[in-house]
Amino acid sequence: MNLRQRVLVVDDSPFFCRILSDWIKGEPDMELVGTASNGQEAIQQAKTLAPDVIVLDLEMPVKDGLTALQEIVREVKCSVLMSSSTTQPAVRQMSFALEFGAYDYIFKPTGKSVTESSSCKGAFLAKVRAARRA
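Here's what I pulled together on the structure shown here. Within each chain, residue numbers correspond to sequence positions counted from 1 in written order. Where totals are concerned, whole chains, interfaces and linings use all residues; where local detail is concerned, this predicted model gives features only for residues with pLDDT of at least 70, and gives and counts side-chain atom pairs only at 80 or more. Think of the side-chain values as coming from all heavy atoms in the structure, minus any hydrogens and water.

1. Examining the overall build of the protein
Formally: Strands are runs of DSSP state E lasting at least 2 residues, helices are runs of H or I lasting at least 4, and numbering of each runs from the N terminus. Here's how the labels work: a residue is buried when its accessible area is under 20% of the maximum for its type, exposed when over 50%, partly exposed in between, all with a 1.4 Å probe on protein chains only. We call two residues in contact whenever any of their non-hydrogen atoms come within 4.5 Å of each other.
The helix and strand tally for the protein stands at 6 helices and 5 strands. From first element to last, N terminus to C terminus, the protein shows the α and β order β-α-β-α-β-α-β-α-β-α-α. Taking all 134 residues of the protein together, 43% fall into the buried category. Sequence separation of 24 or more characterises 68% of the internal contacts of the protein that already satisfy a separation of 6 or more.

2. Overview of the sheet that holds strand 4 (residues 79-84)
Cut-off, in case you're wondering: Being paired, for any two strands, means DSSP has found at least two bridges between them. Here an axis means a line fitted to C-alpha atoms, over the contact stretch when the element is a helix, while the angle between two N-to-C directions is reported on a 0 to 180 degree scale.
Strand order in this open sheet of 5 strands is 2-1-3-4-5, and the pairing throughout is parallel. In this open sheet, the two edge strands, each paired with only one partner strand, are strand 2 (30-36) and strand 5 (104-107). On average, each strand axis in the sheet is inclined to that of its neighbour by 25°, with strand direction left out of account. Sheet topology places strand 1 (residues 5-10) next to strand 3 (residues 53-57); 4 bridges connect them, and they run parallel.

3. Some thoughts on the packing of aromatic side chains
Quick reminder of the rule: Any two of the Phe, Tyr and Trp rings considered here, Trp counted by its six-membered ring, make a pair once their centres fall within 6.5 Å; the pair's planes then place it as stacked at under 30 degrees, edge-to-face at over 60, or tilted in between. When the NZ atom of lysine or the CZ atom of arginine is within 6 Å of a ring's centre and also within 35 degrees of its normal, the charge is said to sit over that ring.
Across all of its chains, the model carries 2 aromatic pairs by this definition. Taking the centre distance of 5.5 Å and the plane angle of 75° together, the rings of F15 and F16 count as edge-to-face. Across the ring face of Y105, the terminal group of K127 is positioned such that the distance to the ring centre comes to 5.7 Å.

4. A closer look at helix 2 (residues 39-49)
Operational definition: The arc in question is the one traced by the directions running from the helix axis out to the C-beta atoms. The term polar contact refers here to a pair of N or O atoms within 3.5 Å; inside protein, the definition further demands a hydrogen-donor-capable atom paired with an acceptor-capable atom, and it admits residues adjacent in sequence only when both atoms are side-chain atoms.
Of the positions making up helix 2, those classed as buried are G39, A42, I43 and A46. Down the axis of helix 2, the sector holding all buried residues measures 100°, keeping them to one side. Close packing links the buried residues of helix 2 with strand 1, strand 2, strand 3 and helix 3 (65-75). The residue sitting at the N-terminus of helix 2 and contributing the capping side-chain oxygen is N38; that oxygen lies 2.9 Å from the backbone nitrogen of Q40. Just beyond helix 2, the residue with positive phi is A50, at close to 50°.

5. Quick notes on the pairing of strand 3
With 5 of 5 residues buried, strand 3 lies mostly within the body of the structure. Side chains V53, V55 and D57 project from strand 3 onto one buried face, and the interleaved I54 and L56 project onto a second face that is buried too.

6. Focus: the side chain of N38
Note that N38 resides in the loop between strand 2 and helix 2. Look at N38 and you get buried, because its relative accessible area is 8%. A polar contact of 2.8 Å, which involves the side chain of N38, links it to the backbone nitrogen of E41. Ignoring any residue separated from it by four or fewer positions in sequence, one finds N38 in contact with V10, M60, P61, V62 and K63.

This is how it looks when you write it as structure tokens:
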């Protein structure tokens with residue numbers, strides 16, 4: 001049995017994809033199995049890589065996160081943690097994501113909190129860990 005949690009990070013922002021990936025790589029109980037930059041890539045990689053948890057951005061090109069979520073939930077056995085910027089439309093869409101089968105959601109850190117705040121990192125990692133147990 002693999003004790004390391006297998007995580008796929010999906011975000012069209014190379015910056016956020018790198019930050020979240022680095023946070024995961026730094027954890028002994030987690031393994032970054034891949035990254036994707038849009039919903040279509042997320043679906044393909046989810047089927048191929050069989051992650052335990054997918055961190056899925058809400059707004060992306062090619063196929064958005066809500067559309068990808070619905071297909072992932074139907075076809076792949078894993079938990080999905082949605083991520084997004086804190087905007088009013090995103091808040092509304094997160095309620096749809098939960099209805100469509102997402103485990104939970106996180107709002108992306110902003111400003112200096114991205115790289116300097118251990119609380120943002122800690123909250124993110126705690127939700128990823130909780131998603132695996134879901």
